[in-house]
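# Coordinate analysis (summary)
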Amino acid sequence: MAGFEGVVVSDPWLQNQFTQVELRSLKSQFLASGGGRGSLTLRDLSATMSRLKIAGDCLTEDERAAFLRESYPDLDHHVDFELFLRVYLKMQGRVGAKNSSSAFLKAATTTLLHTISESEKASYVSHINNYLGEDPFLKKYLPIDPMTDDLFEIAKDGVLLCKLINLAVPGTIDERVINTKRVLNLWEKNENLMLFLNSAKAIGCTVVNIGTQDLAEGRPHLVLGLISQIIKIQLLADVNLKNTPQLVELVDDSKDVEELMSLPPEKILLRWMNFQLKKGGFRRLITNFSSDVKDGEAYACLLNILAPEHSRKPYPSTVKDLLERAKLVLEHADRIGCKRYLTPKDIVEGSPNLNLAFVAHIFQKRNGLSSQMKQVIFLEANSDDPQVSREEKAFRLWINSLGISNINNVFEDLKNGWLLLEVLDKVSPGIVCWKSANKPPIKMPFKKVENCNQVVKIGKQLKFSLVNIAGHDIVQGNKKLILAFLWQLMRYNILQLLKNLRFHSHEKEIKDFDILNWANNKVKDSGRYSRLDSFKDRSLSSGIFFLDLLSAVEPRAVNWNLVTKGQSDEEKKMNASYIISVARKLGCSVFLLPEDILAVNQKMMLTLTASIMYWYLKRPITEDGSVSSDGENGSSSESTSSSTSDDSGSESSSDDSGGR
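Being a predicted model, the structure only gives us computed values, none of them experimental. The residue numbering used here restarts from 1 in each chain and proceeds along that chain's sequence as written. Local features in this predicted model are restricted to residues whose pLDDT is 70 or higher, and side-chain atom pairs enter the listing and the counts only when it is 80 or higher, whereas totals over whole chains, interfaces and linings include all residues. By convention in this description, side-chain values take in all heavy atoms of the structure and omit both hydrogens and water.

The salt bridge criterion pairs a side-chain nitrogen of Lys or Arg with a carboxyl oxygen of Asp or Glu, the two atoms within 4 Å. What the rule picks out here adds up to 24 salt bridges. The partner of Glu175 in a salt bridge is Lys163, with the nearest N and O atoms 2.9 Å apart. One end of the pair, Glu175, is in the loop between α8 (159-168) and α9 (186-202); the other, Lys163, is in helix α8, with 12 residues separating them in the sequence. We note a salt bridge from Glu391 to Lys603, for which the minimum N-O separation is 3.2 Å. Secondary structure elements follow DSSP: runs of H or I no shorter than four residues count as helices, runs of E no shorter than two count as strands, and numbering proceeds from the N terminus.

Okay, here's the thing in structure tokens:
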């Protein structure tokens, strides 16, 4: 599996308590908890394990904390992976004593360490049926029956998953690249799944420790988890100031606007909900989409404020039975055209994912905001250069793909320096002095400056060009300087990955010129004539060179019947979209947009070429010089294909397309 292939612990007894699949899952949860960088202590574990539902959700956070106090005298002791596993086993024993069964064996819908929610599955199936029911390829499989496991079977070839990506963020995948023949072989299915995983990372999904084989096997908790993330991205797409500038009505001054910009969409949604509830005299503060909305009172008030003309007797607020009240709430929502996503039982039980989806859909239908003057002022003050916006997105998604933490805005979320230190430690392990670092939440400004000063100091150690950049520039959110730093950090990462391929680099430093030469030589050796003079070469905008390069590293990759001459802007954009999807289908993890190719963004041209080079050189080679296919290869930043090539490999993306 990408990232944790063959997880090994030093204690043989401990190793034997888990399968490799379980170890990979726990390793992923350990890293998500903050492990691996020396910042996780036993004291942190109760809250962290509750949040991630590690060892099941049968123990409350207080029960976990009490268990840790009983078991370990020094709660400030730092937790390594083996201690994490021991705590997990002991906690499973506590759950077993409480429930008389293991947390991950108690129900038919449980898969390894994870359970799946039948309500969530039914809701996501309904979403898929509603939005993709008329898709030309999928309509023969839809509607899916939510009472069966057909969803996981249909997802195995990757087509449904790729279509969901484009539903959430239109245009992410060039659908000409998806293999949609009537009968797909294993190679073609694997290509679709690779395209899906790399595209999921490119829209902001957390894809850590998941490989194509997991999806090909239809593992329910992984498939459902990814579908949940994609649908969430779709439903929350407009919950930001860029797409809904009316949200500026929620704040009073520019400082509050900056804070709002840094919030994740679900937090903005909560703030919007409380803003509307306050109008209706609702006195409680809603802080989550679970326990705070179980009684249905907040929903009843919210819908009455946003759609009073659709209120009917009996009013939900007058009904004492919670299930009946929840039913009336959903009927009110139906009358304004909201898709339900949940049942009355889901509201009463406080299903967080489904309640979030419900509120997001209410926001889509009626947000109740209308402050026009504030919108104009905000848009004038916060209009970024398109290239700045694209680069911010590329760097943000790259950081999120590292599996450290999800950020929403690099200029706001990196201000305290902590996340930058985490990224530096990820790309150059051990380089950060954590004893000198200040962990969030950080209230004192000088503590943030201390973190950012260490960031700049490490950057200089890594030989970044940081003339006139100081820690306070990052704290103040200087966009130009932050982007300059992130570009050098991203470039350093890919060059180190290339350098670490010792067989090819002999541990020599890799330079931009080496990447340029490699690309030109590959194209020349394949018998094609396009050439790259530099990463600023304007001819790159046509896309022809990258298509030649992709065809050179994998002759089956490009369907030349789909390639245009790249002369008009429209032809160039079609080629650029095709290039990005073909690269992701091969296994390259790239975060650029078609516009970056059209504009010949030098930074993105280098990273695209380097990613293709890394994918090509990383493939295992057998003694006879052929490419081995003995499993998946991956790293923290890049993924590669895992399938076995066969003689009946994909000759086209669809039945009627031409040969490659």
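With that settled, the discussion passes to the nonpolar core. Residues enter a nonpolar core if they are buried and are Ala, Val, Leu, Ile, Met, Phe, Trp, Tyr or Cys, with the set joined through side-chain atoms within 4.5 Å. Exposure classes here rest on a 1.4 Å probe applied to the protein chains alone. A residue is buried below 20% of its type maximum, exposed above 50%, and partly exposed in between. Among the nonpolar cores identified, the biggest contains 177 residues, and Phe196, Leu269, Trp272 and Met273 are the most heavily contacted of them. Sort the elements by how many residues they give to this core and helix α24 (residues 479-499) lands first, with 13 residues. Beyond its immediate stretch of four places on either side in the chain, Phe196 contacts Leu161, Cys162, Ile165, Leu215, Leu226 and Ile230. Grouped together as the second largest cluster of nonpolar side chains are 20 residues, Leu23, Phe30, Leu42 and Phe67 included. Here, two residues are considered to be in contact whenever any of their heavy atoms come within 4.5 Å of each other.

Let's shift gears to the packing of helix α11 (residues 220-235) against helix α17 (residues 352-365). Axes here refer to lines fitted to C-alpha atoms; in helices the fit is confined to the stretch in contact. Angles between the N-to-C directions go from 0 to 180 degrees. Relative orientation of the contacting elements α11 and α17 amounts to 25°, with a least axis distance of 9 Å. When the axes of α11 and α17 are compared, the pair comes out roughly parallel. Considering only the axes of α11 and α17, their crossing is left-handed. Residues Ser228, Lys232, Gln234 and Leu235 of α11 lie in contact with α17, whose contacting residues are Asn353, Leu356, Ala357, Ala360, His361 and Gln364. For this classification, the nonpolar set comprises Ala, Val, Leu, Ile, Met, Phe, Trp, Tyr, Cys and Pro, the charged set comprises Asp, Glu, Lys and Arg, and every other residue, Gly included, is treated as polar. Its residues assigned to classes, the contact of α11 with α17 shows 4 nonpolar, 5 polar and 1 charged. Comment on the angle field: the value is read as roughly parallel under 35 degrees, roughly antiparallel over 145, roughly perpendicular from 65 to 115, and oblique elsewhere. In this scheme, a crossing is called left-handed if the near helix is turned counterclockwise away from the far one by less than a right angle; it is called right-handed if the turn is clockwise.

Turning next to the packing of helix α19 (residues 386-401) against α24. Close contact between α19 and α24 brings their axes to 11 Å; oriented N to C, the two are set at 45°. For the element pair α19 / α24, the angle class is oblique. Relative to α24, the crossing made by α19 is left-handed. Contacts between α19 and α24 involve Val388, Glu391, Glu392, Phe395, Trp398 and Ile399 on the former and, on the latter, Leu483, Leu486, Trp487, Leu489, Met490 and Asn493. Of the residues that constitute the contact of α19 with α24, the class distribution is 9 nonpolar, 1 polar and 2 charged.

Once that is clear, we can look at the side chain of Asn601. With respect to the element layout, Asn601 can be found in the loop between α29 (594-598) and α30 (602-618). Owing to a relative accessible area of 3%, Asn601 belongs among the buried residues under this scheme. Residues contacting Asn601, with those up to four places away along its chain left out, are Gln387, Glu391 and Asp596.

A few words on the packing of aromatic side chains. Each Phe, Tyr or Trp ring (for Trp, its six-membered ring) is paired with any other whose centre lies within 6.5 Å, and the angle between the two planes then decides the class: stacked below 30 degrees, edge-to-face above 60, tilted in between. Overall, the coordinates contain 8 aromatic pairs when judged by the stated rule. Arranged with centres 5.9 Å apart and planes meeting at 55°, the rings of Phe137 and Tyr141 form a pair that is tilted. Using a relative accessible area of 11% as the deciding quantity, one classes Phe137 as buried. Tyr141 sits in the partly exposed class, given a relative accessible area of 31%. Between Phe464 and Tyr492, the aromatic rings sit 6.1 Å apart at their centres with planes inclined by 65°, giving edge-to-face as the arrangement. Of this pair, Phe464 sits in the loop between α22 (445-461) and α23 (471-475) while Tyr492 sits in helix α24, and the two are 28 residues apart along the sequence. Given a relative accessible area of 9%, Phe464 falls into the buried group. Taken together, the ring pairs connect Phe464, Phe485 and Tyr492 into an aromatic cluster. Lysine NZ or arginine CZ positioned within 6 Å of the ring centre and within 35 degrees of the ring normal marks a charge as sitting over the ring. Lying over the aromatic face of Phe137, Lys140 brings its terminal NZ or CZ to 3.9 Å of the ring centre. Over the aromatic face of Trp615 sits the side chain of Arg619, whose NZ or CZ is 5.3 Å from the ring centroid.

Quick look at unusual backbone geometry now. With the exception of glycine, most residues fall at negative phi, and the peptide bonds are largely trans. In this structure, the amide linkage connecting Leu142 to the following residue, Pro143, adopts the cis form with an omega of 0°. Mapped onto the elements, Pro143 comes out in the loop between α6 (118-132) and α7 (150-154). Omega for the bond connecting Pro440 with Pro441 falls within 30 degrees of zero, at 0°, which places this linkage in the cis form. Take Pro441: it is sitting in the loop between α21 (418-427) and α22. The phi torsion at Asn468 lies on the positive side, around 65°, for a residue other than glycine. Tracing the sequence through the fold places Asn468 in the loop between α22 and α23. For Val600, which is not glycine, the phi torsion reads 50° and is therefore positive. Mapped onto the fold, Val600 is located in the loop between α29 and α30. Relative accessible area serves as the criterion here: at 7%, Val600 is assigned to the buried category.

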